[in-house]
Amino acid sequence: MVRIKLDPEVMGLSSVMESISNVHVKDCFKDGEMVYFIVETGEMGRALGKAGLNVKRVQEELGKRVKVIEYNEDVERFVRNVIAPLNVERVVLQESVLILQDSNKKTKSLLIGRESKNLTLINRAVRRFFNVEVKVM
């Protein structure tokens, strides 16, 4: 497991999410106008709230869009949680590389994103917990 460093801004963002939804935030990071919260296994429903109410309240409080990701100790399941709502046909772990395979070009393009932005975010989330690089094939 990789050691995570949190700065005061991230701690503040995490405390907003924790106080509104009453869940433990395992990790949090920002990317522009988006804030990503990684919550403990089994706490996704409570983090979202009834009809997404908790996420809406956090978005209003922070003035930023929010994505909640459920942590899982299995790297393959965690990556599937990170890329949700997208689904891929296969996830293959080879040494320290996790390969996402799908025959649909649209799914691949959404995973990679413009200028590899989405793939960079996926790798950023995964590397915070696992020593694995994610690639799309």
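First things first, this report covers the structure right here in the doc. Computed from a prediction, not measured in an experiment: that's the story for all the values here. For every chain, the first residue of its written sequence is number 1, and the numbers climb from 1 along that sequence. The model is predicted, so local features are restricted to residues of pLDDT at least 70 and side-chain atom pairs to those at 80 or more, both for listing and for counting; the totals for chains, interfaces and linings are taken over all residues. Think of the side-chain values as coming from all heavy atoms in the structure, minus any hydrogens and water.

## A few points about the side chain of Asn 54
Here Asn 54 is to be found in helix H3 (residues 53-62). Residue burial is assigned from relative accessible area. The probe radius is 1.4 Å, only protein chains are included, and a residue is buried under 20% of its type maximum, exposed over 50%, and partly exposed in between. Judged by its relative accessible area of 11%, Asn 54 falls in the buried class. Only heavy atoms matter for contacts: two residues are in contact if any of them lie within 4.5 Å across the pair. In contact with Asn 54, not counting residues within four places along its chain, are Ile 20, Ser 21, Arg 46, Ala 47, Leu 48 and Gly 49. Where helices and strands are cited, they refer to DSSP runs of H or I of at least four residues and of E of at least two residues respectively, numbered from the N terminus.

## Observations concerning the sheet that holds strand E3 (residues 65-70)
Strand order in the open sheet formed by three strands is E1-E2-E3, and the pairing between neighbours is mixed. Every interior strand has two partners, whereas the edge strands, strand E1 (25-31) and E3, have only one. Each strand axis lies, on average, 20° off the axis of its neighbour in the sheet, ignoring direction. Judged from the six bridges that link them, E1 and strand E2 (residues 34-39) form a sheet pairing that is antiparallel. Each bridged residue has a counterpart across the sheet, and for Val 25 the counterpart in E2 is Val 39. Lines fitted to the C-alpha atoms define the axes, with helices restricted to the stretch that makes contact. Angles between their N-to-C directions range from 0 to 180 degrees. Here helix H6 (residues 117-127) sits on the sheet and contacts E1 and E2; the angle it forms with E1, its principal contact strand, is near 150°. If DSSP finds at least two bridges between two strands, the strands pair.

## Some points on the pattern of salt bridges
The salt bridge criterion pairs a side-chain nitrogen of Lys or Arg with a carboxyl oxygen of Asp or Glu, the two atoms within 4 Å. Tallied over the full model, the rule gives five salt bridges. Between Asp 27 and Arg 128 there is a salt bridge whose closest N-O contact spans 2.3 Å. Pair noted here: Asp 27 is in strand E1 and Arg 128 is in the loop between H6 and strand E6 (133-136), with a separation of 101 residues, a long-range link. Each member of the pair Asp 27 and Arg 128 is classed as buried. The closest approach of N and O atoms between Arg 46 and Glu 43, which form a salt bridge, is 3.1 Å. For Glu 43, a relative accessible area of 16% gives the class buried.

Scope: geometric values only; no functional claims are made or implied.
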